Structure formats: C-alpha cells, structure tokens
Amino acid sequence: MSDGVEGNEERRRTGDAAGPEPQGVPEPRPGEPEPAAQPEPASLVKAGTAGRTEARAGAKTDEPATGEADDAAPDASGTPADAPPDSTDTPDGPEAPDEAGDGLRYERLPDAPPPILDGVRARPPAPPGLATLVAAAVTALLSGLLLGDGLAVNALILALPLAAGAWFAARQAGRRPRRSSLCWGAGGLALLAVPVWSDAEWPTLLAVLAAAGLGALALHGCRKWSGVLLAPLGPVLAVRRALVWGWRGARERTAGGEKDLGPLLRSVLVAVVLLVVFGGLFAAADRAFADLLGSLVPDVDGGSGVPWRLFLAVLGLAAALAVAHTAAAPTRWDGLGPGPGRPRGRVEWALPLVLLDLLFAAFVAVQAAVLLRGEDVVRASNGLTYSEYAREGFWQLLFATVLTLAVISVAVRVAPRSGPRDQLLVRAVLGTLGLLTLVVVASAVRRMDLYMGEYGLTRLRLSVVAMELWLGAVVLLILAAGVFGARLLPRAVLASAAVAVLAFGLASPDKLIAESNLDAHRDGRTLDLRYLAGLSADAVPALDRLDEPLRSCALRSIAVPDAPWYATSLSQARAHDILTARPVRNHPCRDLLTDDISPSVR
C-alpha cells in the first residue's frame, strides 16, 4: 500500500500523468502476419471541413502535424486526435479540424465507367496529307457553287471529291479497302443516279439517304447487324475531331518545309485570276461564248444569296473532313453487337412458335378461300365490296409482317443449340413460320392490288406496296440464311434495300401513277385531276396525252424551273422540252380541278 502511494507521488513529481498513450496502430505479435497495406484510392474528393462527419470506410485522413502536444492532445470528445477512422471510440458528432493541417478530409468515389466507344474507337490518325486537304477544299468549293439551286447531277459531282478524300486518307493511314467496301461505294454512287434521272422529291430523298448509308458502310467495313445499323453515325460523331484534325494538317502544311501548301495556293490564285480576266474579255467579245460561259458557270449572285452559299461551303468542308477522318480511323461498330442470348429449352422455345405457326396456317387457309372464290364470298361473309375488304386488312398484314421479322430475330438469339436435333427443330419451326409469312405478304400485296385496281395509284399506295414486296424479299433472305448460314445476312438485307430504292427511283413513280390513272380513265373510271396536277415533272410525258382543256389544267401547276444544268434532272429537261413545244393554254380550270372527271368529258 505504501509502495502504491509512493509510486503515485513519484509519478506526480515526474509528470507521467499528462494523458493517455496515443492509440496508434498496434505492432503485430510474434507469429502473427503483418497487416496488409491499404490500396491507394483511385479518385479522391473533398468530404468537408470542420463540422462534417468522419468519412466512412475507404476514407483517407490527413497526417497530423508532428509535435509532442499534438500526439498527446485529445479532441473535444475525449478521443485522441490520431485515432484510426474505424475505431469504435470515434463519435458520430462533428470533430474539430486539425489546426496544423488544412482541415479537409477525403473520401474515395467509385471508378467512373469507361465511355462506351473507348473499346471500339480507333487511335487518332496522323494529320491529313496534301491530297486529302485538296479534296476537302474542292468539296467545299463545289458545295458552295453547286448546291444552292437544287439537287440533280451536282450530287454525283460532289460525291467524287468526297470519295477521293476518303481514299487518300485511308491510304495514308495504311488501310487497304476491301472488295465489299468498294462494292458499297459503287452502290452509293449508283444511287445518286436517281436525282439525275427523276424530279420527284420523295424517291430522291430515299436515294440520297441510302447512298449515305452505303457510303458509311464502305468507310467502316462492318459486317454484323450492329455495324450495319450504327455505321451512319460514324461520320456524324467524327465532325468535331475531324475539324481539329484538318486544322492540324493545314497548319503543318503552311509552316514551311517540303510539304508547304504555299506554292499550291499561290498557283491556284494566279490561275483563278487569269481565268476570270481572260474569260470576261472573251465573253464581252463574243455573245455565243458569253452564253456558253453563262450556262456553265454557277450564278453566285443568284436568288440563293452569298451567305447561303458560304454556309453550304462550310458544311461541305466539314462533311469532307468527317468522311476522310472516318476513313483513316473508323469506329469498329461490330464490337458493340450483343452476344448470343441464353439458349432456352426445347419446349420453352418451341411451344409459342408452334402455336404461332398454327395461327398463321389458319389465316392462310381462310385467305386462300376468299381470294380464290372471289367477291361473292366477301359480300356474303362481311357485307363489304372487294376493294373495301382489301383496304381494310392491308395495314394489319403489313404490321404483322414486320412483327414476324422481329419475332424471328428474337427466336434465333435464344434458340436451343445443344446438338443437331436442336438445329433441325429451329429450322423446321422458323422455316414454317417464314413460308407462312410469305403467304401473308402475298395476301397483303393482292389486297392492295385489288384496291388500286378500283381507285387507282397514289404515292402512298405505291410506296407501301413496294415496302411490302421488300419485306417479302427479306423473309426469303432469312429462309436462305437458315439453310446456308447467317454470316452474310446483314449485308444481304442492306443490299436488297439499296437495290429496292434504286429500282423504285429509276421507275419514276409519279410517271407510273399518272399512266395508271389515265389507263383507268380510258376504261371508264373517273379521273382525279387535282391529284394528278400535284405530281412532279416525271408525270409530264403521261399527262401530255390528255385532251384539252384537261391537259392544260393538269400541267399548269407542275413546276418545271429554269435551273442551271447541274441542278436539272433528265425528267425536268424532258418536261421543259414538251412544254416548250406545246405551251399550256389559258383555260378555266376551277371546275375541272374540284370535281372528278367522268369518262365522257374528254
């Protein structure tokens, strides 16, 4: 007892009661493994200053300042300042900031997921070469000069330097085009023959969009469904990078050295000045030469305006650089495609499809009875005319065809594939569904044919029939893929769409519509002259066969502008020659355009 009192007095004299020992990390006992080092956080953010709660697991605290007073001084709650974060003695309330530190605590955030395109995007290409820059400049110049007056042969002219720039950029990057890429490029150029041939805006728009899609596929060289569908996004997403890429290439070419652009630019400037001066002198000296020069050179001061042409030039430059950049460093869209789905069991997979096959078979049997026995069966069962019956069911059958293609695509992904028996089951069930779908397509086309035979052709009716026929071709391709393999199916479907668009545009739909309605008019049906007067110049040769005053009333509202040669299609030129040889007469047409024309009025 006396020893304890003396010990206490000795500790008070020496000052050993200053405070508890600091709670540091305990040293491992003999035989125990050393604690593993904590990994450094991937990213740290400030969690707060004084007054904020301690960061939870994974937080990182600042090291305290060195000094005896800091080692021994407890915080406001009585807990030592250097207690570990996961200590059970750490209170939930706010803590005082470290006066010697910055008062900030950090916590680790979860790692951000990588961008979706990082795994499929190619490395940035080297700055473009001289040939690529010249092709882009030519594209920009032609865009400003030729695109302000319409779309015809100028679309094909612009595609040539655009394709040349892509070729030069790909060669510089060490890419050799595949045969398939060359075929896609040739197909895109062939589609641009539609605006050269036809004046109608709707087939021209389809052809231009299809040409852009084939061109994008030629740049990327994709083979899977994901690549075929996403390839058109490549040049669009590359515009910003392409502009920076082109600027770097131009800056390198204007900095002097062997690849300096200065001599070429000076040569082009001198050539332009010489052509303008001597061309103006020759035009002033001879009227025939002036007329020839005026028909060949675009009118920059025309109605489109200089600002609009400058905008088109900038747009053409951006498009040319984007296409060239994509050719040099294409995105590998095939890598984004979904993998095969989880295969299902035979019963789970086959039962709904077999029931669907039976439903299709029942519908096909009813359709065969109706279509073979004719209009009497329709009137007896539905009380409808043949044309009303045809119109009533066409759109449902069109939607059923599209939905069947979606069902087949999903069924293929989750089909059982454990052995030859599963392959035989898949081919039997899906093959039956495909064959029955072809019968549904034939029924839909037959319905619309009956309806058009009664009421004539229109743009909508002709378009949906063409689409239904193309869907039937897609079903045939799917059946062929089930026999010969599906490796070429995505590209085959795209090629069939391109061929359909090309054939549709070159067939001059407005001309077919006019001829069909005139043939029906000769057979005793009424004529919707107002609708025919709203067609394009493609219909002028057919409408020119009408008698007066129907001819003049139908042709009066069809616009045939006096456009430059590069913005004039062949059908416009043909219509212009017809209307020049036989001008439209000034007849009163109000009554003729508001009423259907009976066969007796001719």
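Small disclaimer: the values here were computed from a predicted structure and weren't measured.

Draft legend 1. A look at the overall build of the chain. A count of helical and extended segments in the chain gives 25 helices and two strands. Buried positions account for 36% of the 602 residues belonging to the chain. By sequence separation, contacts in the chain at least 24 residues apart represent 78% of the contacts at least 6 residues apart. Carbon and sulfur atoms make up 62% of the accessible area of the chain, which totals about 35700 Å².

Draft legend 2. Representation of the pattern of salt bridges in the model. Following the criterion strictly, the structure yields nine salt bridges and no others. When the shortest N-O distance is used, the salt bridge between Glu-348 and Arg-344 registers 3.8 Å. Close ionic contact of Arg-551 with Asp-544 constitutes a salt bridge, the shortest N to O distance being 2.6 Å. When sorted by exposure, Arg-551 lands in the same class as Asp-544, which is buried.

Draft legend 3. Expanded view of helix H4 (residues 153–172). The end-to-end C-alpha distance of H4, which contains 20 residues, comes to 30 Å, matching closely the 28 Å that a straight helix rising 1.5 Å per residue would cover. For H4, every residue scored as buried is listed here: Asn-154, Ala-155, Leu-158, Ala-159, Pro-161, Gly-165, Ala-166, Ala-169 and Ala-170. Of the surrounding secondary structure, the elements contacted by the buried residues of H4 are helix H3 (130–146), helix H5 (179–191), helix H7 (201–220), helix H10 (239–253) and helix H13 (306–328). A positive backbone phi angle near 85° is found at Gly-174, which sits one or two residues after H4.

Draft legend 4. Region of interest: the side chain of Ser-143. In this fold, Ser-143 is placed in helix H3. Beyond its immediate chain neighbours, meaning those up to four positions away, Ser-143 contacts Leu-158, Leu-312, Ala-313 and Gly-316.

Draft legend 5. Region of the structure containing unusual backbone geometry. With an omega of 5°, the peptide bond between Glu-548 and Pro-549 qualifies as cis. Mapped onto the elements, Pro-549 comes out in the loop between helix H22 (540–543) and helix H23 (550–555). Although it is not a glycine, Ser-508 sits at a positive phi angle of roughly 55°. Its location among the elements puts Ser-508 in the loop between helix H19 (489–506) and helix H20 (509–522).

Draft legend 6. Representation of the environment of Val-439 within the structure. Looking at the secondary structure, you find Val-439 in helix H17 (residues 420–455). Along the primary structure Val-439 and Val-364 are separated by 75 residues, whereas in three dimensions their C-alpha atoms are 6.8 Å apart.

Draft legend 7. Structural context of the packing of H3 against H13. Between H3 and H13, the least distance of the axes is 7 Å, while the angle of their chain directions is 150°. Remark: the crossing between H3 and H13 carries right-handed chirality. For the pair formed by H3 and H13, the contact residues are Thr-132, Ala-136, Thr-139, Ala-140, Ser-143, Gly-144, Leu-145 and Leu-146 on the first element and Arg-309, Leu-312, Ala-313, Gly-316, Leu-317, Ala-320, Leu-321 and Ala-324 on the second.

Draft legend 8. Examining the packing of aromatic side chains more closely. Applying the stated rule across the entire model yields three aromatic pairs. A ring pair is formed by Trp-202 and Phe-504, whose centres lie 5.4 Å apart and whose planes are at 75°; its orientation type is edge-to-face. Taken together, the residues Trp-202 in helix H7 and Phe-504 in helix H19 connect sequence positions 302 residues apart. Across the pair, Phe-504 and Trp-202 agree in class, each one buried. Plain terms: the ring middles of Trp-565 and Tyr-566 are 5.5 Å apart, the flat faces sit at 85° to each other, and that makes the pair edge-to-face. The class for Trp-565 is partly exposed, based on a relative accessible area of 42%. In this structure, Arg-574 is placed above the aromatic ring of Trp-197, and the distance from its NZ or CZ to the ring centre is 5.6 Å.

Draft legend 9. Representation of the environment of Val-429. As for its position among the elements, Val-429 is in helix H17. Val-429 sits in the buried class, given a relative accessible area of 7%. C-alpha separation for the pair Val-429 and Asp-357, spaced 72 residues apart in sequence, amounts to 7.7 Å. Not counting residues up to four positions away in its chain, the partners in contact with Val-429 are Trp-349, Leu-353, Val-354 and Asp-357.

Draft legend 10. Looking closely at H17. Spanning 36 residues, H17 covers 52 Å between terminal C-alpha atoms, matching the ideal 52 Å at 1.5 Å per step. Just downstream of H17 lies Gly-456, where phi reads positive at about 90°.

Draft legend 11. Region of interest: the nonpolar core. One finds Met-448, Leu-529, Val-540, Leu-543 and Leu-546 to be the most contacted residues of the largest nonpolar core, which totals 50 residues. Every residue in contact with Val-540, bar those within four places of it in the chain, is listed here: Leu-555, Ile-558, Ala-575 and Ile-578. The next biggest cluster of nonpolar side chains, apart from the first, holds 19 residues, and it includes Leu-191, Ala-207, Ala-216 and Ala-231.

Draft legend 12. Spatial organisation of the packing of H3 against H10. At their nearest, the axes of H3 and H10 sit 10 Å apart, and the two run at 115° to each other. Pair H3 / H10 crosses with left-handed handedness. Note on element contacts: H10 touches H3 through Trp-245, Gly-246, Gly-249, Ala-250 and Arg-253, opposite Leu-130, Thr-132 and Leu-133. Its residues assigned to classes, the contact of H3 with H10 shows four nonpolar, three polar and one charged.

Draft legend 13. Representation of the confidence of the model for the chain. In the predicted model, the chain carries a mean pLDDT of 76, and 70% of its residues have values of at least 70. Mean pLDDT values over the elements of the chain span from 41, in helix H2 (residues 68–72), up to 93, in helix H6 (residues 193–197). Confidence drops under pLDDT 50 across residues 1–28; counting only partners more than four residues distant or on other chains, this segment forms 11 contacts. Here residues 30–100 is a poorly scored stretch, pLDDT under 50, and it has 80 contacts once near neighbours within four places are set aside; other chains count.

Draft legend 14. Structural detail: the environment of Ala-313. Along the chain, Ala-313 falls in helix H13. Note: C-alpha distance between Ala-313 and Leu-146 (167 residues apart in sequence) is 9.7 Å. Every residue in contact with Ala-313, bar those within four places of it in the chain, is listed here: Ala-140, Ser-143 and Gly-144.

Draft legend 15. Quick look at a nonpolar patch on the surface. A cluster of nonpolar side chains, contributed by Leu-269, Val-270, Val-273, Leu-274, Val-277, Phe-278, Leu-281, Phe-282, Phe-289 and Leu-292, occupies part of the molecular surface with about 930 Å² of accessible area. Taken together, the elements giving at least two residues each to the nonpolar patch come down to helix H11 (262–285) and helix H12 (287–296). In terms of residue count, H11 provides more of the nonpolar patch than any other element does, eight residues in total. Secondary-structure assignment places Phe-278 in helix H11.

Draft legend 16. Main features of the side chain of Asn-154. Position of Asn-154 among the secondary structure elements: in helix H4. Only 2.7 Å separates the side chain of Asn-154 from the backbone nitrogen of Ala-152, close enough to count as a polar contact. The residues contacting Asn-154, other than those within four sequence positions of it, are Leu-146, Leu-147, Tyr-566 and Ala-567.

Cut-offs applied
Residues numbered from 1 in each chain as written. Predicted model: local features only at pLDDT ≥ 70, side-chain atom pairs only at ≥ 80, totals over all residues. Heavy atoms only, no water. Helix = DSSP H or I, 4+ residues; strand = E, 2+ residues; numbered from the N terminus. Buried < 20%, exposed > 50% of the residue type's maximum accessible area, 1.4 Å probe, protein only. Contact = heavy atoms within 4.5 Å. Areas by Shrake-Rupley, 256 points an atom, 1.4 Å probe, with all protein chains shown as cover. Salt bridge = Lys/Arg side-chain N within 4 Å of Asp/Glu carboxyl O. Expected span 1.5 Å × (residues − 1). Axes fitted to C-alpha atoms, helices over the stretch in contact; angles between N-to-C directions. Left-handed = near helix turned anticlockwise from the far one by under 90°. Phe/Tyr/Trp six-rings, centres within 6.5 Å; stacked < 30°, edge-to-face > 60°. Lys NZ or Arg CZ within 6 Å of the ring centre and 35° of its normal. Core = buried A, V, L, I, M, F, W, Y, C linked by side-chain atoms within 4.5 Å. Nonpolar A, V, L, I, M, F, W, Y, C, P; charged D, E, K, R; others polar. pLDDT = per-residue confidence, 0-100. Patch = residues over 30% accessible without salt bridge, like charges linked within 9 Å, V, L, I, M, F, W, Y side chains within 5 Å. Polar contact = N/O pair within 3.5 Å; in protein donor to acceptor, adjacent residues only side chain to side chain.

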